[in-house]
Amino acid sequence: MLVGPGGRVFDALADHAPVGVFVSDAEGSCGYANERLCRLIGLTSDEVLGDGWSRALHPDDAEGVRSDWEDAAAAGRDFQGEFRFLRPDGGVRFVEGSAAAVRDSEGRLLGWVGCCVDLTAHKLSDQRYQELFEHASDAIFVLDADGGITAINAAGERLTGYRRDELVGMNVFDLIAPEHAESARETYRARLAGVTSRTAEYQMISKGGARVYVEVSGRLVEQDGRALGIEAIARDTSERHAFEQKLLHEALHDQLTGLPNRTLFHERLGRALARATRSGTRVAVMLLDLDGFKRVNDSAGHATGDELLVRLAPRLQRELRGSDSVARLGGDEFGFLFEDVAPGDGLTGLAQRLLAAVAEPVVPNQPQPLTASLGITIAEATDTSETVLSNADSAMYNAKKIGPGSLDVYDPTMRARLIRDLTLTKALTAALRDDQVDVHYQPIVSLTDGRILGVEALARWTHPEWGAVGPDEFIPLAEHHGLIVELGQRVLNAAAKHATDWRSGYPDALPLGVLVNISPRQLSQPEFVDLFIGTLDRHGTRPADIGIEITEHVLIRHDEETLVANLGRLRRLGVRFSLDDFGTGYSSLTALQELPLSVLKIDRSFITAIRTGTDSAAITRASVSLGHTLGLTVIAEGVETEIQADYLRRLGCDAAQGFHYHRPQPAHQTTALIQAEHDATSPRARWTTAA
């Protein structure tokens, strides 16, 4: 055998030969390659064996080499030729290969023994190589051991903007951007030492001063084992780099407004907190959330909503300093980051300006004014970015509870309130599931004769451990967390049942019927009217016996198609509408005239503050007058004293509701009241009294 047991002398000679040595079988499958040949091709011994060496042939030479090999084998002559290997690192090796046929005693071909001589260094001066070198699409720099340019092709001239005679003799590191130069030198030294073949990316500065991104690969130029320099190939990757930067920008920025997104905001906040820890400064964060933005999308369409956000973004940016940043965190929520915050920096004033910027009309023919809720927090030294954002969110959530267009500053008690809110929300969900929410009724009394004109159905929740939970606490939670529809349906169901019972037992009682609060969210549901009719049919309730109470928030949404359609259907059914909490919202006379109202309820805040000659008294007087002008029954809420009742009577107010008359009470107590009034006004009672 040529290789293996008995071939130790051959192996020793081949391993120390100054050229690449190989042995193959008759078909050309390599069975042995010495170390020099492996280094020449750039493959391991295992990779060269078999047909690995032929796969390493340069694509332009491979077919010719195989053809010449087959011809030599067919003719029984030795093989000889020049060709190239394409190394895995992109380098090209020019070789002269020769192979001698090995035959047995009978002349049969057993295989080949051959060698490959590296001609690469010599080929640089060869005309054939020069043509390839010159016409390469990538810039090729031939460099000496110090990085001096000894040769450059036409693509190198185009890349750098320098003429060839200017480049030859220049040091290549003078073309590298200063911030990349030292890294480039380290890579160059490692490549000369043969310890790296990695591709690197740098910025190169052209003759005109423009920066060009280049991807550089190279091969070591050697002679007799001594490193002469590097042949470097530089490919212009500016277009690819720009595309990558575009992708990175898109990953970190909101596609609609162009503002940083939540991911980038988190990164900036983390870095700002780290800087603040080192410098002893403070960081502040604001979160701003548009109030009722879904209403804009529903009424005017998503295109209008998107345009509004696009136009609002630069308006918010204009209110900030150059060192501040704003991000769109998602939907209609924006985050603001402030560094080096000091006492007296006027954060609340800035917050007010941001809210004012939101309130100004943003797009032409904007369907309704915008408001926002804003929370502010100043980070403590130990706060993480998650803690800071959570605190700002708590403040914003509290601002929403205050009312549209409000702001609040975080304090530690907010976290406890937020935890309580979350706990209550979870418990309310369970209470609705387990039917633990009751309905009480508060009578509405005529200011003329004291007769009960109607009752308002009110949700009441008694928790088995905490006791009574106030409606002013759990109703806003139900609104905020999407439970209000289910809660409202339960109240409506109970109201319909009791309205039927009272109408059956006392036909002349409750001329205003049972008033039920219906949230704007319920009224905007396409299926609401069908659910409403189904509830009344189930209990045999007349539509006229149920009054729907709506707030002024419905009035500013009166252009929503579904809501308006639902109101029209309910009016045609004969349902009575009551406007609740009048005076606290944004209703217009036009909306008051357009909506199917029967009752106007003056908010309790004006009744509580009644003093003759005060603004509240004037507003109450104007509200009564306006209600009567529109043909509405006017009810005053929150009447707690006879002084208030007497004043309202003199104003001509029709009815009152409040603790001065009755507190909210269970259905059976309300039935007893209606029974007592019925007994007192029956013919028998009048006859007995007269007698």
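The structure this text deals with has already been given above.
Now for a look at the structure at hand. Source: prediction; values computed, not measured. (Residues numbered from 1 in each chain as written. Predicted model: local features only at pLDDT ≥ 70, side-chain atom pairs only at ≥ 80, totals over all residues. Heavy atoms only, no water.)

**Thoughts on the sheet that holds strand 15 (residues 407-409)**
Consideration 1: Taken together, the five strands give an open sheet; going across it, the order is 12-13-11-14-15, and neighbouring strands pair in mixed fashion. Since the sheet does not close on itself, it has two edges, and those belong to strand 12 (325-330) and strand 15, each with one partner. Mean inter-strand twist for the sheet, computed between neighbouring axes without regard to direction, equals 20°.
Consideration 2: Across the face of the sheet, helix 14 (residues 302-318) comes into contact with strand 11 (284-290), strand 12 and strand 13 (333-338) while running at roughly 15° to strand 13.
Consideration 3: Where helix 16 (residues 385-402) meets the sheet, its contacts fall on strand 11, strand 13, strand 14 (372-378) and strand 15, and the angle it forms with strand 14 comes to roughly 140°. (Pairing = 2+ DSSP bridges. Helix = DSSP H or I, 4+ residues; strand = E, 2+ residues; numbered from the N terminus. Axes fitted to C-alpha atoms, helices over the stretch in contact; angles between N-to-C directions. Contact = heavy atoms within 4.5 Å.)

**Things to note about the environment of Cys-115**
Consideration 1: Mapped onto the secondary structure, Cys-115 falls in strand 5 (residues 109-118).
Consideration 2: Exposure remark for Cys-115: the relative accessible area of 21% places this residue in the partly exposed category.
Consideration 3: When the C-alpha positions of Cys-115 and Pro-18 are compared, they lie 9.8 Å apart, and in sequence the two are 97 residues distant.
Consideration 4: Sequence-distant contacts of Cys-115, defined by excluding residues within four places in its chain, comprise Val-19, Gly-20, Val-21, Phe-22, Glu-96, Gly-97 and Ser-98. (Buried < 20%, exposed > 50% of the residue type's maximum accessible area, 1.4 Å probe, protein only.)

**Re the nonpolar core**
Consideration 1: Counting residues in hydrophobic clusters, the biggest one holds 55 residues, and the most contacted among them are Tyr-441, Val-514, Val-516, Phe-532, Ile-546 and Leu-570.
Consideration 2: If near-sequence neighbours (up to four positions away) are discounted, Leu-570 is found in contact with Leu-523, Phe-528, Val-529, Phe-532, Ile-548, Val-575 and Phe-577. (Core = buried A, V, L, I, M, F, W, Y, C linked by side-chain atoms within 4.5 Å.)

**Some details on the side chain of Lys-601**
Consideration 1: With respect to the element layout, Lys-601 can be found in strand 22 (residues 599-602).
Consideration 2: A polar side-chain atom of Lys-601 sits 3.0 Å from a polar atom in the side chain of Glu-456.
Consideration 3: Residues within four places of Lys-601 in sequence aside, it is in contact with Glu-456, Leu-515, Glu-549, Ser-578, Leu-579, Asp-580, Asp-581, Phe-582, Ile-635, Glu-637 and Gln-657. (Polar contact = N/O pair within 3.5 Å; in protein donor to acceptor, adjacent residues only side chain to side chain.)

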